[in-house]
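Below, each chain spelled out in residue letters.
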Amino acid sequence: MKALIKTEPGEGFELTNVEEPKIINSDDVKIRVLRASVCGTDVHIYEWNKWAEDRIKTPQIGGHEFVGEVVEVGPEVKNLKKGDIVSGETHIPCKVCYQCKTGKMHVCKDMEILGVDRDGVFAEYTVVPEIVLWKIDESIPLKYASVMEPLGNAIHTATATDLRGKIVLITGAGPIGAMAIEIAKISGAAAVIVSEISDYRIKMAKDMGADLVINPAETDLHAEIAKFTDGHGIDVLLEMSGSVKALNDGIIALTNGGFASILGVYNDNEIPFVMNTAVFKNITIQTITGRKMFETWHIASQLLKYKKIDLEKVVTHELDLKDYKKAFELMMSGKSGKIILKIAD
Ligand code: NAD
């Protein structure tokens, strides 16, 4: 089969022919991948940064966001059959650790990550256990089904607290921040403010319906927020930039007793943080990893099925798998939202 593979340590991927994966475990499902989308993690692997160098074992197929068609099921697969359209969770839980057994499968201690710890989905076929798969309603377009995983990040982060009547600041309108604008609005936020430094993404945030978009590199973020909120400040911070500056500015912008939901991943593990500000404001900080299994998948499906959100302005490009280099260049330029790779019809 055709696959986008990191053959050896170093920059890039290679589009080449490899053996099709086989069903090994009784709960495995083989999927013909139809669409896959490119995530920042794939870009790190493509670029071969320090994290990728330490984590990725080559040769390995990249990619983890996908939608596909079930073509074969293992003997113990219960709820899926040939022909079903599925998307799936990137975090493959062990099902037996303390976290998995106590309702916290999304923070499984021994989770494996698709396209990071094992072969991913930038390929004609992939094999994963039934537990990670989510059946897709046929009314949901493939390009949106492919991005249900990052949509789940946005939902997990935005629904960590009650947003009804709240002023929300989203720092960073990358694809996930942009999706969070819609989620915050339909979750009852009174107003959604976005801070973003890239012109392309400022436009995307406006198109997604942000009430106020601030470029903190050009305008005084705190003065703008004070003006917009009559000096109240923001009630909720959704940190989706991975920028230390944006994180600290977001904490400073919070009203006393506010809530910060942090999805961003920072270049360094140890970062300067406005800790005393956070303490004296008595804020609640919720860090977020991945998606809730599978509450956020259910919410994502329902919102897409009943057309309560529209991802048209976030899914900005659809390219053939063979044009993968263009996809990665676009991602690295920051002049895109989500990019979909078309693998099969
Ligand atoms: P992205 O990198 O495409 O978007 C980040 C955005 O933040 C960019 O548009 C960038 O211009 C903007 N930005 C950078 N510095 C800024 C600043 N000082 N002020 C305002 N905006 C700024 O990322 P994404 O794919 O949308 O993901 C969002 C974040 O979530 C990233 O940090 C990513 O690593 C992280 N992430 C975390 C998880 C998790 O499980 N915790 C999962 C996926 C992604």
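Residues numbered from 1 in each chain as written. Predicted model: local features only at pLDDT ≥ 70, side-chain atom pairs only at ≥ 80, totals over all residues. Heavy atoms only, no water.

(A) Summary view of the pairing of strand β12 (residues 191–195). Burial analysis of β12 places five of its five residues in the buried class, the great majority of the element. Along β12, one buried face is formed by Ala-191, Ile-193 and Ser-195 and the opposite face, lined by Val-192 and Val-194, is buried too. Two strands pair when backbone bridges link them, and strand β11 (residues 167–171) and β12 are joined in this way by five bridges, in the parallel orientation. By the bridge assignment, Val-168 is partnered in β12 with Val-192. You can see the chain leave β11, run along helix α6 (residues 175–186) and come back into β12, and the turn it takes is right-handed. Pairing geometry for β12 and strand β13 (residues 212–214), over three bridges, is parallel. Within β13, the residue paired with Ile-193 across the bridge is Leu-212. Note that the unit made of β12, helix α7 (residues 199–207) and β13 has a crossover that is right-handed. (Buried < 20%, exposed > 50% of the residue type's maximum accessible area, 1.4 Å probe, protein only. Helix = DSSP H or I, 4+ residues; strand = E, 2+ residues; numbered from the N terminus. Pairing = 2+ DSSP bridges. Right-handed = clockwise from strand over helix to strand, strands pointing away.)

(B) Representation of the site of the ligand within the structure. In the neighbourhood of the ligand, 23 residues make up the surrounding shell, with Glu-196, Arg-201, Leu-263, Ile-288 and Gly-290 lying closest. Separating an oxygen atom of the ligand from a backbone N or O atom of Val-265 is a distance of 3.2 Å. Considered on its own, the ligand offers 850 Å² of accessible surface; in the complex 77% of this is hidden by protein. Considered class by class, the residues forming the shell around the ligand number ten nonpolar, eleven polar and two charged. (Near = heavy atom within 4 Å. Polar contact = N/O pair within 3.5 Å; in protein donor to acceptor, adjacent residues only side chain to side chain. Areas by Shrake-Rupley, 256 points an atom, 1.4 Å probe, with all protein chains shown as cover. Nonpolar A, V, L, I, M, F, W, Y, C, P; charged D, E, K, R; others polar.)

(C) Spotlight on the sheet that holds strand β15 (residues 254–262). Sheet architecture is open: six strands sit in the order β13-β12-β11-β14-β15-β16, paired in parallel fashion. Looking at which strands have only one partner, the edges of the open sheet turn out to be β13 and β16 (284–287). Within this sheet the neighbouring strands show an average axis-to-axis angle of 20 degrees, counted without direction. Of the strand pairs in this sheet, β15 and β16 are connected by four bridges, and their pairing is parallel. Note that in β16 the partner of Ser-261 across the bridge is Gln-286. (Axes fitted to C-alpha atoms, helices over the stretch in contact; angles between N-to-C directions.)

(D) Representation of the packing of helix α8 (residues 221–228) against helix α9 (residues 244–253) in the model. One can describe the packing of α8 onto α9 by two numbers: an axis separation of 11 Å at closest approach and a directional angle of 35 degrees. Both α8 and α9 take part in a crossing whose hand is right-handed. Residue-level contacts link Leu-221, His-222 and Ile-225 of α8 to Asp-249, Ile-252 and Ala-253 of α9. (Left-handed = near helix turned anticlockwise from the far one by under 90°. Contact = heavy atoms within 4.5 Å.)

(E) Quick peek at the pattern of salt bridges. Summed over all chains, the structure comprises 23 salt bridges. In this structure, the salt-bridge partner of Glu-19 is Lys-22, at a minimum N-O distance of 3.7 Å. The class of Glu-19 is exposed, set by a relative accessible area of 67%. Between Lys-135 and Asp-84 there is a salt bridge, with the nearest N and O atoms lying 3.6 Å from each other. Remark: Asp-84 occurs in the loop between β5 (65–73) and β6 (85–88) and Lys-135 occurs in strand β10 (residues 133–135); sequence separation between them is 51 residues. Judged by its relative accessible area of 6%, Asp-84 falls in the buried class. Beyond isolated ion pairs, a larger network of salt bridges with shared partners links Lys-81, Asp-84 and Lys-135. (Salt bridge = Lys/Arg side-chain N within 4 Å of Asp/Glu carboxyl O.)

(F) Examining the domain arrangement of the chain more closely. Split by domain assignment, the chain resolves into domain 1 (2–147 + 311–342) and domain 2 (154–287). Computed from C-alpha coordinates alone, the two centres of domain 1 and domain 2 are separated by 29 Å. Each partner contributes residues to the interface: domain 1 has eleven residues there, and domain 2 has eleven residues. Per-residue buried area on domain 1 facing domain 2 is highest for Leu-311, Lys-313 and Val-314; these three make up 45% of the total on that side. On the surface where domain 1 and domain 2 come into contact, there are zero salt bridges. The interface formed by domain 1 and domain 2 holds two residue pairs in polar contact (both at pLDDT 80 or more) in total. Along the lines of polarity and charge, the residues of the side of domain 1 that touches domain 2 split into two nonpolar, six polar and three charged. (Domains from an automatic or database assignment. Buried area = accessible area lost by both parts, 1.4 Å probe.)

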